[in-house]
Amino acid sequence: MSLLLLRHVHAGDRDAHDGDDRRRPVSTTGLKQALALVDRFSARTIVAICSSPYTRCLQSVEPLAAAHGLVTEVLDELAEGAPFDLVQRFLRQQHRRGEQLGGDVVLCSHGDVIGAVVEHLIDQGVELGTDEVRWQKASTWVLDGSLDDPVATYLPPLA
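Residues numbered from 1 in each chain as written. Predicted model: local features only at pLDDT ≥ 70, side-chain atom pairs only at ≥ 80, totals over all residues. Heavy atoms only, no water.

Peer 1: Let's hear about empty space enclosed by the protein: which residues, and what values?
Peer 2: By the definition in use, this model includes three cavities of 30 Å³ or more. The space that makes up the largest cavity amounts to roughly 110 Å³. Each residue belonging to the lining of the largest cavity can be placed in one class, and the counts come to six nonpolar, three polar and one charged. (1 Å grid on protein atoms, 1.4 Å probe; cavity = no way out; pocket = protein on both sides within 12 Å on 5 of 7 lines; lining within 4 Å. Points joined across faces, edges and corners; volume = space filled by probe spheres on them. Nonpolar A, V, L, I, M, F, W, Y, C, P; charged D, E, K, R; others polar.)

Peer 1: If you had to explain the nonpolar core to someone new, which residues and values would you point to?
Peer 2: Formed by 25 residues in total, the largest nonpolar core has its most connected members in L5, L91, L107 and W141. Of all the elements in the fold, those that place two or more residues in this core are β1 (2–7), β2 (46–51), α3 (84–101), β4 (104–109), α4 (111–124), β5 (140–144) and β6 (151–155). The dominant element in this core, judged by the number of residues it contributes, is α4, at five residues. Contact partners of L107, with chain neighbours within four places excluded, come to L3, L4, L5, L6, C50, L78, F90, L91 and Q94. (Core = buried A, V, L, I, M, F, W, Y, C linked by side-chain atoms within 4.5 Å. Buried < 20%, exposed > 50% of the residue type's maximum accessible area, 1.4 Å probe, protein only. Helix = DSSP H or I, 4+ residues; strand = E, 2+ residues; numbered from the N terminus. Contact = heavy atoms within 4.5 Å.)

Peer 1: Help me get a handle on the pattern of salt bridges, residues and values and all.
Peer 2: All told, the structure shown has five salt bridges when counted by the stated rule. E80 is the salt-bridge partner of R56, the closest N and O atoms lying 3.8 Å from each other. One end of the pair, R56, is in helix α2 (residues 55–68); the other, E80, is in the loop between β3 (73–74) and α3, with 24 residues separating them in the sequence. The salt bridge involving R89 is made with D85; its shortest N-O contact spans 3.8 Å. Placement of both R89 and D85 in helix α3 is noted, with a separation of four residues, approximately one turn of the helix. (Salt bridge = Lys/Arg side-chain N within 4 Å of Asp/Glu carboxyl O.)

Peer 1: So what's going on with the side chain of R56? Which residues, and what values?
Peer 2: What makes R56 buried here is its relative accessible area of 0%. A polar side-chain atom of R56 sits 3.5 Å from a polar atom in the side chain of H8. (Polar contact = N/O pair within 3.5 Å; in protein donor to acceptor, adjacent residues only side chain to side chain.)

Peer 1: Can you tell me about the environment of A43, naming the residues and giving the values?
Peer 2: With respect to the element layout, A43 can be found in the loop between α1 (28–40) and β2. For the pair A43 and G129, spaced 86 residues apart in sequence, the C-alpha separation works out to 22 Å.

Peer 1: Describe the sheet that holds β4, and please don't skip the residues or the numbers.
Peer 2: Judged by pairing direction, the sheet is mixed, and its six strands sit side by side in the order β3-β2-β4-β1-β5-β6 without closing on themselves. Of all the strands in the sheet, the pair left with one neighbour each is β3 and β6. In this structure, β5 lies alongside β6, joined through five bridges in antiparallel fashion. From the neighbouring strand, V142 faces β6, where its bridge partner is T153. (Pairing = 2+ DSSP bridges.)

Written out as structure tokens, the structure reads:
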């Protein structure tokens, strides 16, 4: 059982978007990245997909949810600017859920949330298996094992 912490795929330029940033859609590149996630995770048993309510996050996981016959759960705990203590409690809940259901849980969020989780792992002394600590758009941090001492693996974007 793994937690798959996915940063949303490429979206249009924040400054060029006219309107509420929460409604900014994915770009053409982002759509290709979202479709590539289906192949990347095709061998995994995904039992739940949770997303920030921002359009770019929801669109990031739509193809993956469809491929696994799941409905994406929209949760403020994954929204941009979510307080870390709330995110941390949510990760633990989803970890338990994955264990109970016997599969992986995908959590699609934003750079600030993913970054806070990765920085927390570093502070815990977790070996990240990479010299380059990052969380690019359409990348995934895979957390295996106990959240108190996880094995963390970085998967860069495919497209």
